[in-house]
Amino acid sequence: MAPATPSRKPLMAGNWKMNNNHLEAIALVQKMAFALKEADYDAVDIAVIPPFTAIRSVQTLVDADRLGIQYGAQDVSQHASGAYTGEISASMLAKLKCSYAVVGHSERRQYHAETDEIVNAKARAALAADISPILCVGEGLDVRKAGGQVAHVLAQLDGGLAKIPADQVRRTVIAYEPVWAIGTGETATPKDAQEVCAAIRTRLAELYDGGSADEVRILYGGSVKGGNIAAIMAQDDVDGALVGGASLDPGEFVKICRYRDLPV
Ligand SMILES: O=C[C@H](O)COP(=O)(O)O
């Protein structure tokens, strides 16, 4: 597919998962902000995805210091409001000025039995609140070994994007995260990542149109670190990364954001 265009500004999103209380979150964002320069924000969208309990603290810090760091949530309810104990609605996240909500992360699919239908409802709830969903897709090791990764991922994509119109898909971010590469130290090769990300973009063009497909950012996730990000970002259809473990280390995450300075 076509190489990245200026309309696809790269996105580096740090998914902290269940790490960092609100005080630790403030300290981590302060360290990142101290290291990041204006030119970094110009080149790349940089986001942190803290636990719900830390979002308000991150917002306060970002607002007070006028930081260029964006932020989002790790999940969002499919419901608008009501008797859903423990859930957080998209409008609540919008009130905290979240730019993103991760939906369908493999850990949610695996430990909370989230289906493509639920993931789709969450993505639509986020979009209705003007929040960009980061829709995660990815195959397990058994599927990869059988060579079924593209079919598996495209089925998740079709399900996750159901009833989302073209004007909204442009604001959606897709994250390709092979489950076998998450937190394992195993990274997909750049070629593996490109194969699936290119297939995702081709499917977007089939479901919508070439223009929309060209605008959607497709991230890679799975053991991304400073040592492998440059080669991953050199792939035509990879527009950024959803970073887990390495995003907890401000020095490493800033290095990832500055992938252009690293050798491929
Ligand atoms: O959301 C992030 C991904 O699950 C990747 O996590 P990881 O970088 O720790 O492998």
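The rules we used
- Residues numbered from 1 in each chain as written.
- Predicted model: local features only at pLDDT ≥ 70, side-chain atom pairs only at ≥ 80, totals over all residues.
- pLDDT = per-residue confidence, 0-100.
- Contact = placed C-beta atoms within 7 Å.
- UniProt positions renumbered as here; feature names shortened; annotations may be inferred.
- Helix = DSSP H or I, 4+ residues; strand = E, 2+ residues; numbered from the N terminus.
- Buried ≥ 20, exposed ≤ 12 C-beta atoms within 10 Å, placed from the backbone.
- Arc of directions from axis to C-beta.
- Near = placed C-beta within 6 Å.
- Nonpolar A, V, L, I, M, F, W, Y, C, P; charged D, E, K, R; others polar.
- Pairing = 2+ DSSP bridges.
- Core = buried A, V, L, I, M, F, W, Y, C linked by C-beta atoms within 7 Å.

**Thoughts on the confidence of the model for the chain**
Now for step 1: For the chain, mean pLDDT is 96; residues scoring 70 or higher make up 98% of the total.
Now for step 2: Here residues 1-6 scores under 50 on pLDDT; set against residues more than four positions off or in separate chains, the count is 10 contacts.

**A short note on the UniProt feature "active site" (unreviewed entry) in the chain**
Now for step 1: The sites that carry the UniProt feature "active site" (unreviewed entry) are, in the present numbering, His105 and Glu177. These residues run over 73 residues, yet every pair of their C-alpha atoms falls within 8.4 Å of each other.
Now for step 2: Here His105 lies in the loop between β4 (100-103) and α5 (106-111).
Now for step 3: A tally of 27 C-beta atoms within 10 Å means that His105 is categorised as buried.
Now for step 4: Assignment of secondary structure puts Glu177 in the loop between β6 (173-176) and α10 (190-207).
Now for step 5: Those residues in contact with Glu177 that sit more than four places away from it in its chain are Ser106, Cys136, Gly138, Ile182, Gly221, Gly222 and Leu242.

**Some thoughts on the UniProt feature "binding site: substrate" (unreviewed entry) in the chain**
Now for step 1: In the numbering used here, UniProt assigns the "binding site: substrate" (unreviewed entry) feature to Asn15, Trp16, Lys17, Gly183, Ser223, Gly244 and Gly245. For this annotated set, covering 231 residues, all C-alpha atoms fall within 13.7 Å of each other, a compact arrangement in space.
Now for step 2: If you trace the backbone, Trp16 turns up in the loop between β1 (11-15) and α1 (22-35).
Now for step 3: Ignoring any residue separated from it by four or fewer positions in sequence, one finds Trp16 in contact with Val48, Ile49, Pro50, Pro51, Ser247 and Leu248.
Now for step 4: Look past the residues within four positions of Ser223 in its chain and what remains in contact with it is Ala181, Thr184, Gly185, Glu186 and Thr187.

**Quick look at helix α13 (residues 250-257)**
Now for step 1: Inspection of α13 places Phe253, Val254, Ile256 and Cys257 among the buried residues, and these make up the whole buried set. All buried residues of α13 fall inside an arc of 155° around its axis, so they share one side.
Now for step 2: Each element contacted by the buried residues of α13 is listed here: β1, α1, α2 (38-43), β2 (45-49), α12 (229-233) and β8 (240-243).

**A word on the site of the ligand**
Now for step 1: For the ligand, the set of nearby residues contains 14 residues, the closest of which are Asn15, Ile182, Gly221, Gly244 and Gly245.
Now for step 2: Considering only residue class, the shell around the ligand consists of 5 nonpolar, 8 polar and 1 charged.

**Notes on the pairing of β8**
Now for step 1: By the alternation rule, side chains of β8 split into Gly240 and Leu242 and Ala241 and Val243, which are all buried.
Now for step 2: Here β1 runs beside β8; their pairing, made up of 4 bridges, is parallel. Bridge assignment links Leu11 to a residue of β8, and that residue is Gly240.

**What to know about the nonpolar core**
A general tendency of soluble globular proteins is for nonpolar side chains to be buried together.
Now for step 1: By size, the foremost hydrophobic cluster in this structure holds 75 residues, and its most contacted members are Ala101 and Tyr176.
Now for step 2: Tallying contributions element by element places helix α6 (residues 116-128) first for this core, with 6 residues.
Now for step 3: Look past the residues within four positions of Tyr176 in its chain and what remains in contact with it is Val137, Gly138, Val153, Ala193, Val196, Cys197, Ile200, Ile218, Leu219 and Tyr220.

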